[in-house]
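# Coordinates in review
Residue-level listing of the chains:
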2 protein chains.
Amino acid sequence: MTDAVRMSLEEVHAAAKAAMLGQGFAENHASAIANTVTAAERDECRHHGLFRLPFYVNGLRSGQASPDIEPVLTELSPSVIKVDAGYAFSPLALETGDAPLAERAKEFGIAALAVTNALNVAALWPEVERLAVRGLVGFAFVSSSPYVAPAGGMKPLFGTNPMAFAWPRLDNPPMVFDQASSASARGEIQLRLRDGEALPDGWAIDNEGRPTNDPQQALLGAQLPFGGFKGSNIALMVELLAGPLLGDKISFEQAAHDKANTGAPCGGELVIAIDPAKFVAGGDRAAQLRHAETLFSRLLAQDGARLPSGRRYEARRRTTAEGVMVPRSLVASIEAYAAGRQVTERATYEGDHITAGAASA
Amino acid sequence: MTDAVRMSLEEVHAAAKAAMLGQGFAENHASAIANTVTAAERDECRHHGLFRLPFYVNGLRSGQASPDIEPVLTELSPSVIKVDAGYAFSPLALETGDAPLAERAKEFGIAALAVTNALNVAALWPEVERLAVRGLVGFAFVSSSPYVAPAGGMKPLFGTNPMAFAWPRLDNPPMVFDQASSASARGEIQLRLRDGEALPDGWAIDNEGRPTNDPQQALLGAQLPFGGFKGSNIALMVELLAGPLLGDKISFEQAAHDKANTGAPCGGELVIAIDPAKFVAGGDRAAQLRHAETLFSRLLAQDGARLPSGRRYEARRRTTAEGVMVPRSLVASIEAYAAGRQVTERATYEGDHITAGAASA
């Protein structure tokens, strides 16, 4: 990546925000999208970083996404709140629900946030990490475009359906995972198609339901869940939690809704927050977290084992000090966006995932 | 199984309860254990059925389990309740927490039950199915003896750590899954050792951390999580939710606690209940459940795909009408238990799992 520019994280944020403003997003939406994109660049999850800006632009230009609607927060029951995103991208809705969700979790012990009618193209770890930074345990579930066959089945039905989980730590950033319930990200298949490489076993079936290692056949057929029927069950659970539970769309309905093929699945996201201090008499959260550290220590003492999110935090330390390298072609696109122009060529990063819903922790 | 006796489910319950009473369990514990055992026989999850009675007896005779302590229900916060099982087997504690949990879920939208100091040798699907029969969504998480290496690691650390999930259905029994986060049940390895069969790839590593297909080496080494690092993350999540969150034991601490090697892991179980009607304005639960049926219909329309728990419900229809076949050797053991005698020989069912925490849905 010699043809690249070094940018500080502040510069990334400013560039992303200017690009979104230049395309017509309102100030608060542009800020929230820039926050999400910058967090991804900071943690070297580049497929959700600046590379993702064209998805936001396409969503807007196609009329799929509102540029400026205000998220509407309502209380559905004492410990359940809802933020209706109004067919805008999800970052502002999630930011809107964050503090109210955390307050209710601290009051009631467990609470939930239903985000509805949101275009979801970002990772889930930012919302659960935010909760864990407040000392809470967090879960998030979102469904996406139907690319994945149920175990034993032959045709796409489930989205890649990520779930995320975060646990607070005392002297470290939270333990967080954010993983698709598919065996691979769709983008990993697309990259292998481009590069003429075969797929590993277990990733996909062709449109007759036969196992395939051919990326082209896989894209015409279906992706597979991770871990056989158990991963398929996780995918099914995520569909139910992000769709019918919230009165929002199932994956196959999202595909029908995305008439402009923006690749921005529109639906619900369920976020659950738990206050550990409300789960033990006396409520000594620090003691609970110290206890968890004994598990993490034993895990990290094993050669080869690592905590999820460790790689992101290493990247974070590095990029916070050194900034990130951004391809000049992408910088040019971002500048064009900021100037209000449309860009048809999409920059890419070698080897990175390029769909929403990939494992990214 | 020619040398077997046909028993109605009522007879199974009566025999199991008499066996537990004969061994010294109090009436309410004997009833709750019999309920659990009968539900397992009914659904042909025989490894949690009558075959499991020796585990309860061993737990009692070793002094590991209390025969008669009353579970203590307390409210930790408005939507979090706790049932301290007092080092007794879990069924009575779970029955004690069931209705209060459901009430709080219906009042607050989401609620949690922390069961602590419980000996867990039963499946998790009964407690989440009960919630779903009430129209609620249920989750349950429990950790167990440390047999499973984290992904990339070499040594046992996690339990087989099942999680269960239930979704209510309108005209059908609930959709329920209950699955270990290990690739296989420990009992499946033990059966292959007995039968001289090799293990499938991906089940285990030897005590040097190398992949093995040898059951003996696997039992000396470690089991593997299902689905690689994603299943390992699920196992880690379950450890945190059933242990430090509840102020209860992590798997490796449970092993140290089971001094009599009863195979009855003692620790916590987290149960979460959600009322779908509290997640949408207006609260039309039936509409939400009808919506979910459109997903189930599409899944079932695919040849080869099936809903988790479908097999259990088929068995239930059959055994409710026809009863179950029980080996005479096991019937003899049960009668001996009822007469207050100790039995050293354990009956077994060919081909069934024989450890707690196996996938059983």
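Residues numbered from 1 in each chain as written. Chains lettered and ligands numbered in written order. Predicted model: local features only at pLDDT ≥ 70, side-chain atom pairs only at ≥ 80, totals over all residues. Heavy atoms only, no water.

## Concerning the sheet that holds strand β9 (residues 211-212) of chain B
Residue and element names in this part refer to chain B. The sheet built from 3 strands is open, its strands ordered β9-β8-β10 with antiparallel pairing. Looking along the sheet, the strands with just one partner apiece sit at the ends: β9 and β10 (222-223). Bridge count for strand β8 (residues 204-205) against β10 is 2 bridges, and the pairing is antiparallel. Each bridged residue has a counterpart across the sheet, and for I205 the counterpart in β10 is A222. (Pairing = 2+ DSSP bridges. Helix = DSSP H or I, 4+ residues; strand = E, 2+ residues; numbered from the N terminus.)

## As for the relation of the copies chain B and chain A
The two copies are related by a screw motion: chain B maps onto chain A through a turn of 180° and a shift of 0.0 Å along the axis, at an RMSD of 0.0 Å. Expressed as an axis order, the relation between the two copies is that of a two-fold axis. Closest approach to the rotation axis among the C-alpha atoms of chain B is made by G227(B), whose C-alpha sits 1.9 Å away. (Least-squares fit on C-alpha atoms with pLDDT ≥ 70 in both.)

## Quick notes on the interface of chain B and chain A
By a frequent convention, interface size equals the accessible area lost on bringing the separate parts together. Contacts between the two partners involve 75 residues from chain B, matched on the other side by 75 residues from chain A. Roughly 6,000 Å² of surface becomes buried between chain B and chain A when both sides are summed, with 74% attributable to carbon and sulfur atoms. Considering only the surface of chain B that becomes buried against chain A, K230(B), F279(B) and L295(B) emerge as the three largest contributors, covering 12% of it. Taken together, the connections running from chain B to chain A amount to 0 salt bridges. Here chain B and chain A share 22 residue pairs in polar contact (both at pLDDT 80 or more) between them. (Contact = heavy atoms within 4.5 Å. Buried area = accessible area lost by both parts, 1.4 Å probe. Salt bridge = Lys/Arg side-chain N within 4 Å of Asp/Glu carboxyl O. Polar contact = N/O pair within 3.5 Å; in protein donor to acceptor, adjacent residues only side chain to side chain.)

## Focus on helix α1 (residues 9-23) of chain A
Residue and element names in this part refer to chain A. Across its 15 residues, α1 extends 21 Å between first and last C-alpha, which sits within 8% of the 21 Å expected from 1.5 Å per residue. For α1, the complete set of buried residues consists of L9, V12, A15, A16, K17, A19, M20 and Q23. Buried positions along α1 lie against β1 (4-7), α2 (27-42), α3 (53-61), α11 (310-322), β12 (324-327) and α12 (328-338). Looking at the residues trailing α1, positive phi occurs at G24, about 110°. (Expected span 1.5 Å × (residues − 1). Buried < 20%, exposed > 50% of the residue type's maximum accessible area, 1.4 Å probe, protein only.)

## Observations concerning the sheet that holds strand β3 (residues 80-89) of chain B
Residues and elements named next belong to chain B. Here we have 7 strands laid out as an open sheet, ordered β2-β3-β4-β11-β5-β6-β7, and mixed in their pairing. The open sheet is flanked by β2 (72-77) and β7 (175-179), the only strands paired with a single partner. Strand-to-strand twist across the sheet, computed as the mean angle between neighbouring axes with direction ignored, equals 15°. Of the strand pairs in this sheet, β2 and β3 are connected by 5 bridges, and their pairing is antiparallel. Within β3, the residue paired with L73 across the bridge is V83. Across the sheet, helix α5 (residues 125-133) is in contact with β5 (137-142), β6 (163-167), β7 and β11 (266-274); its angle to β6 comes to roughly 20°. (Axes fitted to C-alpha atoms, helices over the stretch in contact; angles between N-to-C directions.)

## Regarding unusual backbone geometry
With a phi angle near 80°, S309(A) is a residue other than glycine that sits in the positive phi range. Structurally, S309(A) can be placed in the loop between α10 (285-300) and α11. For S309(A), a relative accessible area of 2% translates into the label buried. The phi torsion at N161(B) lies on the positive side, around 40°, for a residue other than glycine. Structurally, N161(B) is set in the loop between β5 and β6.

## Overview of the domain arrangement of chain A
Residues and elements named next belong to chain A. Each assigned domain of chain A is listed with its residue range as follows: domain 1 (1-61 + 323-361) and domain 2 (69-182 + 225-309). Computed over C-alpha atoms, the centres of domain 1 and domain 2 are 23 Å apart. Counting from both sides, the interface comprises 25 residues of domain 1 and, opposite them, 22 residues of domain 2. Carbon and sulfur atoms supply 64% of the area buried between domain 1 and domain 2, which totals about 1,900 Å² over both sides. Counting across the interface, domain 1 meets domain 2 through 0 salt bridges. Counting the contacts that link domain 1 with domain 2 gives 3 residue pairs in polar contact (both at pLDDT 80 or more). Counting residues per element, the ones that place at least two in the side of domain 1 that touches domain 2 are α2 and α3. The greatest single-element share of the side of domain 1 that touches domain 2, amounting to 9 residues, is contributed by α2. Residue classes in the side of domain 1 that touches domain 2 are distributed as 13 nonpolar, 9 polar and 3 charged. (Domains from an automatic or database assignment. Nonpolar A, V, L, I, M, F, W, Y, C, P; charged D, E, K, R; others polar.)

## Details of the environment of A122(B)
Residues and elements named next belong to chain B. The residue A122 is located in the loop between β4 (110-119) and α5 in this model. The sequence separation of A122 and G138 amounts to 16 residues, and the corresponding C-alpha distance is 17 Å. In contact with A122, not counting residues within four places along its chain, are T36, H48 and Y56.

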